[in-house]
Amino acid sequence: MLVSGQSYRTIWMPDDATVRIIDQRRLPWSFDLLDLRTVAEVAHAIQDMAVRGAGLIGATAGFGMALAARESTDEAHLARLARSLIETRPTAVNLSWAVNRQLTAIREAGFPNRIRTARAEAQRIADEDAAMCAAIGQHGLAIIQEIAARKPGQVVNILTHCNAGWLAFVDHGSATSPIYAAHAAGIPVHVWVDETRPRSQGARLTAWELGQQGVPHTIIADNTGGHLMQHGLVDLVITGADRVTSHGDAANKIGTYLKALAAKDNGVPFYIALPTSTLDLTLGDGVKEIPIEQRGGDEVTHLEGIASDGSVQTVRIVPEGSRAVNYGFDVTPARLITGWITERGITTNTNQHQSRSASIFA
Ligand SMILES: CSC[C@H]1O[C@H](OP(=O)(O)O)[C@H](O)[C@@H]1O
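Residues numbered from 1 in each chain as written. Predicted model: local features only at pLDDT ≥ 70, side-chain atom pairs only at ≥ 80, totals over all residues. Heavy atoms only, no water.

### Side note on the sheet that holds strand E17 (residues 339–342)
Okay, so step 1: One open sheet accounts for seven strands, arranged E8-E7-E6-E9-E12-E17-E18; its pairing is mixed. Both outer strands of the open sheet, strand E8 (217–220) and strand E18 (345–348), are each paired with one neighbouring strand and no more. The mean inter-strand angle of the sheet, taken between neighbouring strand axes irrespective of direction, is 25°.
Okay, so step 2: Looking at chain direction, strand E12 (residues 270–273) and E17 are connected through three bridges and run parallel. Paired with Tyr-271 across the bridge in E17 is Gly-339.
Okay, so step 3: Against the sheet, helix H5 (residues 114–150) touches strand E6 (156–160), strand E7 (189–194), strand E9 (236–239), E12, E17 and E18, its axis set at about 135° to E17. (Pairing = 2+ DSSP bridges. Helix = DSSP H or I, 4+ residues; strand = E, 2+ residues; numbered from the N terminus. Axes fitted to C-alpha atoms, helices over the stretch in contact; angles between N-to-C directions. Contact = heavy atoms within 4.5 Å.)

Now the structure itself:
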């Protein structure tokens, strides 16, 4: 997508030994690129959220395995490097999916061919992610067009939570891709951007990327969405997901479940946008089975911002000594979801009031 008018992806390899990323820890204060040259540096970038978002975590792991292929001296060493990537964050299934896809490709090609194989497979994973997200945009566009047709000449108001934008993928995004497609098609859209505490991915990342594309948007405190829905100010909710089970239960940033409850109570359509690389059909009951990452309490007790002198500072926003818990994700049960938008099309939830089916993605 565009950054100051120039087209970017979130990750690429300028040479076979370097993974180059947009360092999202610096956004929106500054736009900085960061080069990663070892598996350890890639693992730290994922764990410290220099890169984040299900699709981008997967692509980063894929490129990390291209570096692992260069570092590894034998298959056991390669397996240890792979494990060090998988262990960085537990919820987004794309991470383990990408690593295991690379291990399979290397195993099939033979260890001596690992470097060339892993480099090519990493590029395929990234290119596929971008293509899947573009397709999600085209499929999701139909939903927005249908709403626009019901309110001619008026703005379509869309609420999204966290950042499931192009910054969470290689390009286009999942939840934002239909928004970008609608904006490009000339449909008047406006986005309510949940700030998404504690890491503020919405206020810092979604607002930044929408602004760069010229999409009208308004940042709201996380607890505002329900009020807006009660007053008819939200036509559609679209979020991303980090893992979706065979039942259609969706793990996403903490707070997504609460938005789905408010949407259900107010008759607002609630869609999950995801590439099929985010599906985990080995799981059924998402609330019981999806691993939920817990991060440090300091992300809750402290807030980063830019001071009037332009310096980026972190301040404590709670009483000294107060403790905090920091659940990174929650799970929205399929019964609250109107439909799932993937690169294959839209799966509408026809059994929202029935017991969960074996798999809605059959
Ligand atoms: C659908 S990928 C974006 C997804 O990932 C975010 O989590 P994090 O920023 O912690 O990686 C959040 O759940 C987004 O919805």
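Having seen the model, we can carry on.
### Re unusual backbone geometry
Okay, so step 1: The amide bond that connects Leu-27 to the next residue, Pro-28, takes the cis arrangement and shows omega of -5°.
Okay, so step 2: Along the chain, the position of Pro-28 falls in the loop between strand E4 (18–22) and strand E5 (33–36).
Okay, so step 3: Cis geometry is found at the peptide bond from Arg-197 to Pro-198, where omega equals 5°.
Okay, so step 4: For Pro-198, the location among the structural elements is in the loop between E7 and helix H7 (201–213).
Okay, so step 5: In this structure, Met-49 takes a positive phi of about 65° despite not being glycine.
Okay, so step 6: Of note, Met-49 is situated in the loop between helix H1 (39–47) and helix H2 (54–71).
Okay, so step 7: On the basis of relative accessible area, Met-49 is assigned to the buried category, the value being 4%. (Buried < 20%, exposed > 50% of the residue type's maximum accessible area, 1.4 Å probe, protein only.)

### Re the site of the ligand
Okay, so step 1: The local shell around the ligand holds 17 residues, among which Gly-53, Arg-89, Asp-242, Asn-252 and Lys-253 are the closest.
Okay, so step 2: At 2.9 Å, a side-chain N or O of Arg-52 approaches an oxygen atom of the ligand.
Okay, so step 3: The separation between an oxygen atom of the ligand and a polar side-chain atom of Arg-89 is 2.7 Å.
Okay, so step 4: Here the ligand, which alone exposes 390 Å², has 100% of that area covered by the protein.
Okay, so step 5: Residue composition of the shell around the ligand, by class: eight nonpolar, five polar and four charged.
Okay, so step 6: Residues from two domains meet in the shell around the ligand; each of domain 1 (2–128) and domain 2 (139–348) gives at least three. (Near = heavy atom within 4 Å. Polar contact = N/O pair within 3.5 Å; in protein donor to acceptor, adjacent residues only side chain to side chain. Areas by Shrake-Rupley, 256 points an atom, 1.4 Å probe, with all protein chains shown as cover. Nonpolar A, V, L, I, M, F, W, Y, C, P; charged D, E, K, R; others polar. Domains from an automatic or database assignment.)

### Structural notes on the domain arrangement of the protein
Okay, so step 1: The domain architecture assigned to the protein consists of domain 1 (2–128) and domain 2 (139–348).
Okay, so step 2: The partner domain 2 presents 34 residues to the 31 residues of domain 1 that form the contact.
Okay, so step 3: Carbon and sulfur atoms make up 55% of the area that domain 1 and domain 2 hide from each other, which totals about 2,800 Å².
Okay, so step 4: Counting the surface domain 1 buries against domain 2, the share from its top three residues, Trp-29, Arg-52 and Thr-91, is 25%.
Okay, so step 5: Our count for the contact surface shared by domain 1 and domain 2 stands at one salt bridge.
Okay, so step 6: At the junction of domain 1 with domain 2, the criterion picks out 21 residue pairs in polar contact (both at pLDDT 80 or more).
Okay, so step 7: At the level of secondary structure, the elements contributing two or more residues to the side of domain 1 that touches domain 2 comprise strand E1 (2–3), H2 and helix H4 (93–109).
Okay, so step 8: For the side of domain 1 that touches domain 2, the element with the highest residue contribution is H2, accounting for four residues.
Okay, so step 9: Residue composition of the side of domain 1 that touches domain 2, by class: 18 nonpolar, eight polar and five charged. (Buried area = accessible area lost by both parts, 1.4 Å probe. Salt bridge = Lys/Arg side-chain N within 4 Å of Asp/Glu carboxyl O.)

### Re the pattern of salt bridges
Side-chain pairing between opposite charges can occur once the charged atoms of the two side chains come close.
Okay, so step 1: Throughout the structure, instances matching the rule amount to 21 salt bridges.
Okay, so step 2: Between Asp-35 and Arg-20 there is a salt bridge, with its nearest N and O atoms 2.6 Å apart. With a gap of 15 residues between them, Asp-35 in strand E5 and Arg-20 in strand E4 connect regions that are remote in the sequence.
Okay, so step 3: Given the relative accessible area of 23%, Asp-35 is considered partly exposed.
Okay, so step 4: Take Arg-20: its relative accessible area is 25%, and that puts it in the partly exposed class.
Okay, so step 5: Between Arg-124 and Glu-121 there is a salt bridge, and its shortest N-O distance comes to 2.7 Å. Placement of both Arg-124 and Glu-121 in helix H5 is noted, with a separation of three residues, approximately one turn of the helix.
Okay, so step 6: Each of Arg-89, Arg-199, Glu-293, Arg-295 and Glu-299 takes part in a single network of salt bridges with overlapping partners.

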